Each structure stands twice: as structure tokens, then as C-alpha cells.
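Remarks on the overall topology
Next come the chains, spelled out residue by residue.
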Amino acid sequence: MLKWLKQALSGPLARTPVIPPGTPVADDEGAEIGGLNFMSAIEAHVCWKARLDSYIPGTNNEDLKVEVDCRDDACPLGTWIYSHGKDKFNHVELFQQMKDHHAAFHRCAGHVLATAQAGKKEEARPMVQREYVRASERVKVALARLFTQLAQDRSGAT
């Protein structure tokens, strides 16, 4: 799990260590805290880039809808944020930061989709590489930092 997180976070915003030495993580099962599998949440948001990259030129036949995909409460992570996550971790500063980054990520994805659907594909492509990648990196880093803190809190409580 630790190796996977380090690999997933090897992006432009991950220049500072996100996973401190001694963080108690093991396998995929160890990636779940508070009803969320953090590994799956990061993977799902990583996959969005490929979806957008293939949607813009029309090689993805998904029926992506701006009014759905721009919402931060419509994906599995968003559902968790506004239910179990909020119930358990709303008082945690890193939870609030992750929630804000996740909302910005969905606004960005919605903007890219709207641009592509308006026929401005040449404008949408660089948006994916700039704004979208930054928003995605922020979500990944925020999830990793939150996971790290919660894992440390959990191991310290036992």
C-alpha cells in the first residue's frame, strides 16, 4: 500500500513528502478508514484523465453530462464526503482541505466537458493538461495526507 501511494503521488504537486516514515499501512484492506478505501478513491480520480482524454476527440462513447460530472457529491468519494466522511471527520482540517480540492476537481472536470461539448476541442485539450491535472494532483495529495493522518490517529488510539 505504501509503495502504491508513493507511486500514485509521484506528480508535480508531490514534491514534499506526503507519507511520513512509519505510517501504518499494509495492503488494500489497510487502505480503508472510516468507510472509504482511499486507494480506490485515488485510482478513480486518476482514471478521469483518461476518460477526458478519450472523450474530447470522440473515442470514448460514454454519455458524460456536465450537470452530473461537475457535482462533487455525485461520485463515490463525494457521496462518502457528504455522509460518513462528514459524520466522522468534519472536524479534521485535512478533511476540509480534501473536500475543497475535490469540489474544485469536479468544477474543473465539468468545465473541460462543457468546453468539449461546445465543440471547442482544441481549447479543451490543453485544459486537461493544465488546470485539470493540477486539480487532480491536489485531490490525490489531499487524500494521501488525510489517509496518513487518519492512519496515524487510528494506530495511536489502539
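Residues numbered from 1 in each chain as written. Predicted model: local features only at pLDDT ≥ 70, side-chain atom pairs only at ≥ 80, totals over all residues. Heavy atoms only, no water.

**Some points on the nonpolar core**
Ranked by size, the top nonpolar core spans 37 residues in total, and within it Phe38, Leu77, Trp80, Met98, Tyr132 and Leu143 carry the most contacts. Broken down by secondary-structure element, the contributors of at least two residues to this core are helix H2 (38–55), helix H4 (76–89), helix H5 (93–117) and helix H6 (121–157). At 12 residues, the largest contribution of residues to this core is made by H6. Dropping the residues within four chain positions of it, Leu143 is found in contact with Leu36, Phe38, Ala41, Ile42, Leu77 and Met98. (Core = buried A, V, L, I, M, F, W, Y, C linked by side-chain atoms within 4.5 Å. Buried < 20%, exposed > 50% of the residue type's maximum accessible area, 1.4 Å probe, protein only. Helix = DSSP H or I, 4+ residues; strand = E, 2+ residues; numbered from the N terminus. Contact = heavy atoms within 4.5 Å.)

**Some remarks on the environment of Pro126**
With respect to the helices, strands and loops of the structure, Pro126 is situated in helix H6. Taking relative accessible area as the criterion, Pro126 reaches 27% and is therefore assigned partly exposed. Each C-alpha atom of the pair Pro126 and Val112 lies 9.5 Å from the other, and the pair is 14 residues apart in sequence.

**A word on the side chain of Asp69**
Topologically, Asp69 is positioned in helix H3 (residues 66–69). For the buried Asp69, no salt bridge is present, and the opposite-charge side chain at shortest range is Arg51, 5.5 Å distant. Setting aside anything within four residues of it in sequence, one finds Asp69 in contact with Trp48, Leu64, His106 and Leu113. (Lys, Arg positive; Asp, Glu negative; His and termini not counted. Salt bridge = Lys/Arg side-chain N within 4 Å of Asp/Glu carboxyl O.)

**Here we look at the packing of H2 against H5**
Packing of H2 against H5 brings their axes to within 11 Å, and their N-to-C directions diverge by 10°. Between H2 and H5, the interaxial angle falls into the category roughly parallel. Taking contact as the criterion, the partners of His45, Trp48, Leu52 and Tyr55 in H2 are, on H5, His102, Phe105, His106, Val112, Leu113, Ala116 and Gln117. Tallied by class, residues from the contact of H2 with H5 come to 7 nonpolar, 4 polar and no charged. (Axes fitted to C-alpha atoms, helices over the stretch in contact; angles between N-to-C directions. Parallel < 35°, antiparallel > 145°, perpendicular 65-115°, else oblique. Nonpolar A, V, L, I, M, F, W, Y, C, P; charged D, E, K, R; others polar.)

**With respect to the environment of Asp72**
The residue Asp72 is located in the loop between H3 and H4 in this model. As a C-alpha pair, Asp72 and His101 span 29 residues in sequence and 9.7 Å in three-dimensional space. For Asp72, the contacting residues outside a window of four places in its chain are Gly78, Tyr82, Lys99, His102, Ala103 and His106. Among the polar contacts listed, one links the side chain of Asp72 to the side chain of Tyr82, at a separation of 2.6 Å. (Polar contact = N/O pair within 3.5 Å; in protein donor to acceptor, adjacent residues only side chain to side chain.)

**Thoughts on the packing of aromatic side chains**
Applying the stated criterion across every chain, the model contains 5 aromatic pairs. Aromatic pair Trp80 and Phe89: ring centres 6.0 Å apart, planes at 40°, arrangement tilted. Here the two residues Trp80 and Phe89 agree in accessibility, since each one is buried. Ring geometry for Trp80 versus Phe95: centroids 5.9 Å apart, planes at 70°, classification edge-to-face. One end of the pair, Trp80, is in helix H4; the other, Phe95, is in helix H5, and 15 residues separate them in sequence. Comparing Trp80 with Phe95, the two get one shared label, buried. Members of the aromatic cluster, joined through ring pairs, are Phe38, Trp80, Phe89, Phe95 and Phe147. Here the basic side chain of Arg51 rests over the ring of Trp48, its NZ or CZ set 4.1 Å away from the ring centre. (Phe/Tyr/Trp six-rings, centres within 6.5 Å; stacked < 30°, edge-to-face > 60°. Lys NZ or Arg CZ within 6 Å of the ring centre and 35° of its normal.)

**Quick look at the packing of H4 against H5**
When two helices pack together, their arrangement is given by the angle between the helix axes and by the axis-to-axis distance. The geometry of H4 relative to H5 is characterised by a closest axis approach of 11 Å and an angle of 165° between their N-to-C directions. Our classification of the angle between H4 and H5 gives roughly antiparallel. Relative to H5, H4 is oriented so that their crossing is left-handed. Taken together, the residues of H5 that come into contact with H4 (itself represented by Leu77, Gly78, Trp80, Ile81, Tyr82, Gly85, Lys86 and Phe89) are Phe95, Met98, Lys99 and His102. Within the contact of H4 with H5, the residues separate by chemical class into 7 nonpolar, 3 polar and 2 charged. (Left-handed = near helix turned anticlockwise from the far one by under 90°.)

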